[in-house]
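Listed here are the chains, written in short residue letters.
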Amino acid sequence: MATKKVVKKVSVKKIAKKETDKIQKMAEREIKKIKKELISLEKKAATYIKQNPGKAAAATAAIGAAIGAGLTAMLTGRKK
């Protein structure tokens, strides 16, 4: 009976290892996909900025202002 318990523990460990390896591989694949998408979006953003510098500057300023206002509200504890 003692050998059966040892065999079960080993098989459970093997199964757990297989599952963790499988999940890790899936995660690595997803990371690669996300990196590809990010690179693509960076290229698109760079192209847009080159073609529309005025619009890009305005959008950047608006985003910066919104972030600044949000941080100020958080730090002062006020709600607007």
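Residues numbered from 1 in each chain as written. Predicted model: local features only at pLDDT ≥ 70, side-chain atom pairs only at ≥ 80, totals over all residues. Heavy atoms only, no water.

(A) Fine view of the pattern of salt bridges. Inspection of every chain in the model, using the stated rule, returns two salt bridges. Salt-bridge contacts for lysine 17 lead to aspartate 21; the nearest nitrogen and oxygen are separated by 3.6 Å. Taken together, the positions of lysine 17 and aspartate 21, both in helix 1 (residues 2-51) and four residues apart, correspond to about one turn of that helix. Among the residues examined, aspartate 21 registers a relative accessible area of 30% and is labelled partly exposed. Close ionic contact of glutamate 30 with lysine 33 constitutes a salt bridge, the shortest N to O distance being 3.6 Å. Taken together, the residues span about one helical turn, with glutamate 30 and lysine 33 both in helix 1 at a distance of three residues. Here lysine 33 falls in the partly exposed class, since its relative accessible area comes to 47%. (Salt bridge = Lys/Arg side-chain N within 4 Å of Asp/Glu carboxyl O. Helix = DSSP H or I, 4+ residues; strand = E, 2+ residues; numbered from the N terminus. Buried < 20%, exposed > 50% of the residue type's maximum accessible area, 1.4 Å probe, protein only.)

(B) Up close: the environment of threonine 72. Within the element layout of this structure, threonine 72 appears in helix 2 (residues 53-76). Only 2.8 Å separates the side chain of threonine 72 from the backbone oxygen of glycine 68, close enough to count as a polar contact. (Polar contact = N/O pair within 3.5 Å; in protein donor to acceptor, adjacent residues only side chain to side chain.)

(C) How the structure looks around helix 2. Helix length check: helix 2 (24 residues) gives 34 Å between terminal C-alpha atoms against 34 Å at 1.5 Å per residue, within 8%. Two residues or fewer past helix 2, glycine 77 is found with a positive phi of approximately 85 degrees. (Expected span 1.5 Å × (residues − 1).)

(D) How the structure looks around a nonpolar patch on the surface. Taken together, Ile63, Ile67, Leu71 and Met74 make up a surface patch of nonpolar side chains, about 440 Å² in accessible area. By secondary structure assignment, the location of isoleucine 63 is in helix 2. Relative accessible area serves as the criterion here: at 52%, isoleucine 63 is assigned to the exposed category. (Patch = residues over 30% accessible without salt bridge, like charges linked within 9 Å, V, L, I, M, F, W, Y side chains within 5 Å. Areas by Shrake-Rupley, 256 points an atom, 1.4 Å probe, with all protein chains shown as cover.)

(E) Quick peek at a positive patch on the surface. The grouping of Lys25, Arg29, Lys32, Lys35 and Lys36 at the surface amounts to a positive patch. Lysine 36 sits in the exposed class, given a relative accessible area of 64%. (Lys, Arg positive; Asp, Glu negative; His and termini not counted. Charge placed at Lys NZ, Arg CZ, Asp CG, Glu CD.)

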